[in-house]
Amino acid sequence: MSADHGAGPMPRPPTEFRDVYDFLAQVRLRPGAWLPDGSLQHLQAMLIGYGVALDTHGVDEPFEFAPAVGAFPEWLNRAKGLSLVLGWARAVEDAAGDEPPLEVFFRYLDEWRAGTAAE
């Protein structure tokens, strides 16, 4: 008897992540495993840790998710008019209204990445 895992992609172990976008893809795939409360504040903290690890280990990977500086938060400010005074996570949470903030974050991330790919 074979196990049916559905049609979606299977989770990958962190040792197989190539970059921050692989990590974020796994968060999107299984948000409850990474963020049990769905908090963008926790995601932002995890990403800050990711950035610190890049610096600590001398990994040459751009880090674009600092709370108020970097390509992603600057895009949020410019394209969406969000205030970054309390960081991008809080800005997205405030902008989400009735929508789940994590869904809004991933929609904005997709828009930002689509725009940067076109440049």
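Higher on the page you've got the structure.
Residues numbered from 1 in each chain as written. Predicted model: local features only at pLDDT ≥ 70, side-chain atom pairs only at ≥ 80, totals over all residues. Heavy atoms only, no water.

Draft legend 1. The arrangement of the overall build of the protein chain in detail. Within the protein chain, the regular secondary structure consists of six helices and zero strands. Its helices and strands taken in sequence order, the protein chain reads α-α-α-α-α-α from the N to the C terminus. Across its three principal axes, the protein chain shows a C-alpha extent of roughly 55 × 40 × 30 Å. When burial is assessed residue by residue, the protein chain has 33% of its 119 residues classed as buried. (Helix = DSSP H or I, 4+ residues; strand = E, 2+ residues; numbered from the N terminus. Buried < 20%, exposed > 50% of the residue type's maximum accessible area, 1.4 Å probe, protein only.)

Draft legend 2. Molecular detail of the nonpolar core. Counting residues in each nonpolar core, the largest one holds 28 residues, and the members touching the most others are Leu 24, Leu 43, Phe 65, Phe 72, Trp 88, Phe 105 and Leu 109. At the level of secondary structure, the elements contributing two or more residues to this core comprise α1 (20-29), α3 (40-56), α4 (71-80), α5 (88-96) and α6 (101-118). With seven residues, α6 is the largest single contributor of residues to this core. Those residues in contact with Phe 105 that sit more than four places away from it in its chain are Leu 24, Leu 40, Leu 43, Phe 72, Trp 88 and Val 92. (Core = buried A, V, L, I, M, F, W, Y, C linked by side-chain atoms within 4.5 Å. Contact = heavy atoms within 4.5 Å.)

Draft legend 3. Highlighting the packing of aromatic side chains. In the structure shown here, the tally under the stated rule is 14 aromatic pairs. When the ring of Phe 65 is compared with that of Trp 112, the centres are 6.0 Å apart and the planes differ by 80 degrees; the resulting orientation is edge-to-face. Here Phe 65 is found in the loop between α3 and α4, whereas its partner Trp 112 is found in helix α6, with 47 residues between them in sequence. Given the relative accessible area of 4%, Trp 112 is considered buried. (Phe/Tyr/Trp six-rings, centres within 6.5 Å; stacked < 30°, edge-to-face > 60°.)

Draft legend 4. View of the packing of α1 against α3. Contact pair α1 / α3: the axes reach a minimum separation of 12 Å and the direction vectors enclose 155 degrees. As the angle between them shows, α1 and α3 are arranged roughly antiparallel. Considering only the axes of α1 and α3, their crossing is right-handed. Mapping the contact onto sequence places Val 20, Phe 23, Leu 24 and Val 27 in α1 and Leu 43, Met 46, Leu 47 and Tyr 50 in α3. Class assignment of the residues belonging to the contact of α1 with α3 gives a composition of eight nonpolar, no polar and no charged. (Axes fitted to C-alpha atoms, helices over the stretch in contact; angles between N-to-C directions. Parallel < 35°, antiparallel > 145°, perpendicular 65-115°, else oblique. Left-handed = near helix turned anticlockwise from the far one by under 90°. Nonpolar A, V, L, I, M, F, W, Y, C, P; charged D, E, K, R; others polar.)

Draft legend 5. Representation of the pattern of salt bridges in the model. Counting across every chain of the model gives seven salt bridges. As a salt-bridge pair, Arg 90 and Asp 94 come within 3.2 Å of each other at their nearest N and O atoms. You can see Arg 90 and its partner Asp 94 sitting in helix α5, four residues apart, about one turn around the helix. Salt bridges linked by common partners bring Arg 12, Glu 16, Arg 18 and Asp 22 together as one network. (Salt bridge = Lys/Arg side-chain N within 4 Å of Asp/Glu carboxyl O.)

Such coordinate-based values are descriptive only and should not be taken to indicate function.
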